[in-house]
Amino acid sequence: MKIVYKWLTKDDYKNVVKTFGEVVEKYNVLKFGKNYYAYGAFYNDELIGFVSGGFRSLIAPLTDKEAYIFDIEVKKEYRRNGIGSKFVKLAEKWAKDNNAFQIGAWSDNESKEMILLAKKLKYSMCPAIMYDKHYLPKSLDELIVGYYYAKRLD
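Residues numbered from 1 in each chain as written. Predicted model: local features only at pLDDT ≥ 70, side-chain atom pairs only at ≥ 80, totals over all residues. Heavy atoms only, no water.

**Quick notes on the overall build of the protein**
(1) Moving on: Looking only at helices and strands, the protein features 4 helices and 7 strands.
(2) Moving on: Along the protein, helices (α) and strands (β) appear in the sequence β-α-α-β-β-β-α-β-α-β-β when read from the amino end.
(3) Moving on: For the protein, whose C-alpha radius of gyration is 15 Å, the value lies close to the compact-globule estimate of 15 Å for 154 residues.
(4) Moving on: Within the protein, buried positions represent 38% of all 154 residues.
(5) Moving on: Sequence-distant contacts in the protein: of pairs separated by 6 or more residues, those separated by 24 or more amount to 62%.
(6) Moving on: Surface exposure of the protein reaches about 9,800 Å², of which carbon and sulfur atoms provide 51%.
(7) Moving on: A gap of 5 Å separates the mean positions of the 26 positive and 20 negative side-chain charges of the protein. (Helix = DSSP H or I, 4+ residues; strand = E, 2+ residues; numbered from the N terminus. Rg over C-alpha atoms; globule rule 2.2 N^0.38 Å. Buried < 20%, exposed > 50% of the residue type's maximum accessible area, 1.4 Å probe, protein only. Contact = heavy atoms within 4.5 Å. Areas by Shrake-Rupley, 256 points an atom, 1.4 Å probe, with all protein chains shown as cover. Lys, Arg positive; Asp, Glu negative; His and termini not counted. Charge placed at Lys NZ, Arg CZ, Asp CG, Glu CD.)

Below, the structure written as structure tokens:
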């Protein structure tokens, strides 16, 4: 299977949304500009996956920048072919080339593929509870439990 990896542009946005759904728009995971990256995986010119991310600031007292993986998606029928690993390696390369201190990501604990991938690629893993401006739980029963991943790049 010959998979081609390409840098995504604004022209690819509608195709990504069409292929992977409204989550792309709802959580604003595909951004463009010098502080962001986005790669697509294509098989026979069909988009079968993407990774996106960008910089975010670490909290004080650190002033370093962290590259963050916003999202990794791979169509179910193409999983277990090394696409996720390749996406993470592309994200790490972008982060190193842009002088990031570390690269990080987050997933819920039901994303078993991501948990196993992060472990395989030697990311530190810390249990975490998800909340941000997109999701503020109304009760403790609505908390989303998962893992935060990080890898130093020096």
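**Quick look at empty space enclosed by the protein**
In this approach, a probe sized like a water molecule rolls over the atoms, and the result shows the empty space that is left.
(1) Moving on: Inspection of the entire model under this criterion finds 1 cavity of 30 Å³ or more.
(2) Moving on: A volume near 30 Å³ is recorded for the largest cavity.
(3) Moving on: The element that contributes the greatest number of residues to the lining of the largest cavity is helix α4 (residues 112-120), accounting for 3 residues.
(4) Moving on: Here the residues of the lining of the largest cavity are counted per class, giving 7 nonpolar, no polar and no charged. (1 Å grid on protein atoms, 1.4 Å probe; cavity = no way out; pocket = protein on both sides within 12 Å on 5 of 7 lines; lining within 4 Å. Points joined across faces, edges and corners; volume = space filled by probe spheres on them. Nonpolar A, V, L, I, M, F, W, Y, C, P; charged D, E, K, R; others polar.)

**Remarks on unusual backbone geometry**
(1) Moving on: Of note, the amide linkage connecting A60 to P61 takes the cis form, showing an omega dihedral of 15°.
(2) Moving on: Mapped onto the secondary structure, P61 falls in the loop between β3 (46-57) and β4 (65-74).
(3) Moving on: With a phi angle near 50°, N28 is a residue other than glycine that sits in the positive phi range.
(4) Moving on: Looking at the element boundaries, N28 is found in the loop between α2 (23-26) and β2 (36-43).
(5) Moving on: For N28, a relative accessible area of 38% translates into the label partly exposed.
(6) Moving on: The phi torsion at R80 lies on the positive side, around 70°, for a residue other than glycine.

**Brief notes about the environment of D108**
(1) Moving on: Along the chain, D108 turns up in strand β5 (residues 102-108).
(2) Moving on: Separated by 37 residues in sequence, D108 and V145 have C-alpha atoms that sit 5.6 Å apart.
(3) Moving on: Among all residues touching D108, those that are not within four sequence positions of it are I115, I144, V145 and G146.
(4) Moving on: Here the side chain of D108 touches E110 through a polar contact of 3.0 Å, landing on its backbone nitrogen. (Polar contact = N/O pair within 3.5 Å; in protein donor to acceptor, adjacent residues only side chain to side chain.)

**Re α4**
Think of an α-helix as 3.6 residues a turn; residues three or four steps apart then line up on the same face.
(1) Moving on: Among the residues of α4, M114, I115, L117 and A118 are the ones counted as buried. Axial view of α4: buried residues confined to an arc of 165°, hence all on one face. Along α4, exposed side chains directed more than 90 degrees from the buried face belong to K112, E113, L116, K119 and K120.
(2) Moving on: In this structure, the buried side of α4 is in contact with β4, α3 (83-97), β5, β6 (124-130) and β7 (144-152). (Arc of directions from axis to C-beta.)

**Digging into the pairing of β5**
(1) Moving on: When you tally the buried positions in β5, you get 5 out of 7 residues, the bulk of the element.
(2) Moving on: Viewed along the sheet, the connection from β4 through α3 into β5 turns out right-handed.
(3) Moving on: Note that β5 and β7 share 7 bridges and pair antiparallel. By the bridge assignment for β7, Q102 is matched with R152. (Right-handed = clockwise from strand over helix to strand, strands pointing away. Pairing = 2+ DSSP bridges.)

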